[in-house]
Amino acid sequence: MHKLSNQLLILILLSLIVGAVGGAFGSFFLKPYLENTSWGRSFLQTNIANQVNSQGDDTVISITEDSPTIEVVKKASPAVVSIVATKELESYYDQTGPSVLPFFFYDEPNSSGKREVATGSGFVFDESGLVLTNRHVVEDEAADYTVILNDGTEYKATVLGRDLVLDIAVLKIEATDLAVIELGDSDNIQIGQTVIAIGNALGEYNNTVTRGVVSGIDRRVVASDSFGSAEVLDSAIQTDAAINPGNSGGPLLNISGQVIGINTAINAQGSSLGFAIPINKAKTIVTSVLENGRIVLPWLGVRYVEINESIAEKNGLSVDYGSLIIRGDSPDALAVVEDSPADKAGLAEGDIIVEVNNQQLDDTHSLVNEIAKYKPGDEVELKVVRDGEEMIVKVKLEEREE
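Residues numbered from 1 in each chain as written. Predicted model: local features only at pLDDT ≥ 70, side-chain atom pairs only at ≥ 80, totals over all residues. Heavy atoms only, no water.

Assigned secondary structure in the protein consists of eight helices and 20 strands. Taking all 402 residues of the protein together, the buried fraction comes to 39%. (Helix = DSSP H or I, 4+ residues; strand = E, 2+ residues; numbered from the N terminus. Buried < 20%, exposed > 50% of the residue type's maximum accessible area, 1.4 Å probe, protein only.)

Below, the discussion takes up the pattern of salt bridges. On inspection of all chains with the given rule, the structure shows 11 salt bridges. Two residues, R220 and E306, come together in a salt bridge whose shortest N-O distance is 2.4 Å. Of this pair, R220 sits in strand β8 (residues 205–224) while E306 sits in strand β14 (residues 304–306); the two residues are 86 residues apart in sequence, bridging distant segments of the chain. In this structure R220 comes out as partly exposed when scored by relative accessible area, which is 37%. For E349, the salt bridge goes to R327, with nearest N and O atoms at 3.4 Å. With E349 in the loop between α7 (341–345) and β16 (352–356) and R327 in the loop between β15 (323–325) and α7, this residue pair connects regions lying 22 residues apart in the sequence. Look at E349 and you get partly exposed, because its relative accessible area is 44%. Judged by its relative accessible area of 40%, R327 falls in the partly exposed class. (Salt bridge = Lys/Arg side-chain N within 4 Å of Asp/Glu carboxyl O.)

To continue, consider the sheet that holds strand β2 (residues 114–126). Taken in spatial order, the six strands of this closed barrel run β1-β2-β3-β6-β5-β4, and their pairing is antiparallel. Adjacent strand axes in the sheet meet at a mean angle of 40°, parallel and antiparallel pairs treated alike. Note that strand β3 (residues 130–133) and strand β6 (residues 169–173) share four bridges and pair antiparallel. Bridging from a neighbouring strand, T133 pairs with A169 of β6. (Pairing = 2+ DSSP bridges. Axes fitted to C-alpha atoms, helices over the stretch in contact; angles between N-to-C directions.)

As a further point, take the pairing of strand β7 (residues 194–201). Summarising burial for β7: seven of the eight residues are buried, a large majority. Here two bridges tie β7 to strand β10 (residues 251–253), and the two strands are oriented antiparallel to one another. The residue bridging A197 from the neighbouring strand is L252, located in β10.

Our next topic: the confidence of the model for the protein. In this model, the protein carries an average pLDDT of 80, and 74% of its residues clear a pLDDT of 70 or more. Per-residue pLDDT stays below 50 along residues 41–56; that stretch engages in 13 contacts with residues further than four places along the chain or on separate chains. When the criterion is pLDDT under 50, residues 92–111 qualifies, and its contacts beyond four places in sequence or with other chains add up to 27 contacts. (pLDDT = per-residue confidence, 0-100. Contact = heavy atoms within 4.5 Å.)

Bridge count for strand β18 (residues 379–386) against strand β19 (residues 389–396) is eight bridges, and the pairing is antiparallel. Bridge assignment links K383 to a residue of β19, and that residue is I392.

Before going further, it helps to spend a moment on unusual backbone geometry. Even without glycine at this site, D177 takes up a positive phi of about 55°. Its place among the elements puts D177 in the loop between β6 and β7.

Our next topic: the side chain of S323. Among the structural elements, S323 can be located in strand β15. When residues no more than four places from it in sequence are discounted, the contact partners of S323 are Y304, V305, E306, I307, D351, I352, I353, L361 and L367.

Next up on the list: helix α5 (residues 283–292). Listed as buried for α5 are I285, V286, S288 and V289. Taken around the axis of α5, the buried residues stretch over an arc of 160°, which confines them to a single face. Where α5 is buried, its residues touch β2, β3, β5 (154–162) and β6. Two residues or fewer after α5 comes G293, characterised by a positive phi angle close to 75°. (Arc of directions from axis to C-beta.)

The next subject is helix α3 (residues 68–76). Buried residues of α3: T69, V72, V73 and A76, and no others. Across the axial projection of α3, the buried residues extend over an arc of 95°, all falling on one side.

Here G257 shows up in the loop between β10 and β11 (259–266). Each C-alpha atom of the pair G257 and E182 lies 7.5 Å from the other, and the pair is 75 residues apart in sequence. Beyond its immediate stretch of four places on either side in the chain, G257 contacts V72, I181 and E182.

With that settled, the discussion passes to the environment of F275. Summarising the element assignment, F275 is placed in strand β12 (residues 274–278). Taking the C-alpha atoms as reference points, F275 and A241, 34 residues apart in sequence, are found 9.5 Å from one another. Setting aside chain neighbours within four positions, we find F275 in contact with R219, V221, A236, I237, Q238, I243, I262, N263, T264, A265 and N267.

What follows is the structure in structure tokens.
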């Protein structure tokens, strides 16, 4: 009997120890893990609801959502801006005709006065008043631009530069000590990670917040607008965070509140298909503006077509990737611009550039984007195929003239 009592005591002690360890594990490890997953939050909320129901209507349980998303929005929103383009109505009609955007305009063609012709988003990356956005948001050189802060303060904006390669532009407003957003690292993003988009949705709902995940990386997207112009986005970030017209130029943030992308395009044929330019592609531009007060771009000086299997087969090419240097349709559209860096290095029509500094050119690494990684004055090494033979050509890049 005494032996049985000792065994029972040991069993009770072991039960208490296991219970204590399990409770500690649940509080310190399991619960925080569940709170960071959608199904886990749902489970916890359902469990709490069941506890409330079992304890009667008089029991009140306070639920606090420890959400990183809320903290990111609080941190980033003051630095997210709306951008409004205005233009004299007469010049607008002279340029496009009254039927291009009938939704925005109700005046007769001969009426005058400034009207809002476009809206977009952006974000402050330097407290001295530097704003990053998409080039297509501020592409009209005849328009005037206004930046509106989250608190409603308005500033006239000057366009410091428009990147001719990437869909990126930089604005300057006369303000100081502004809230800024930290630039993150888009090279280390993972499919499935949480992202947050903030922007001027539909040009009406400023600082609208949506949340989703990274749905894909290194997407190649052909983005077009209602005017018929198109642009290829290489290595774009795909997300299911809702991105609407007016969000263009706004930040795509990670859960630490850092910008990892610039919201740029949507696929209207699908659902929750948004695309952003990786922020690392914009860092060269940011550095250029901070150092020079303008965008300084590198220039190679060739006209080319990107090669795929079909082009290689039709033209009898020895490789099915890279960039084929080729002239344009008009007589003055030379394959190699005279006195350009490419011309000085000896590149010629018919050459195929297959690598830039050991980076092979393919669907996710275009020639224009690889050259954009460097600065004027940098020397790059090109691997070139000429008449079926490989050769190395060293080119010293120069500044692109707008």
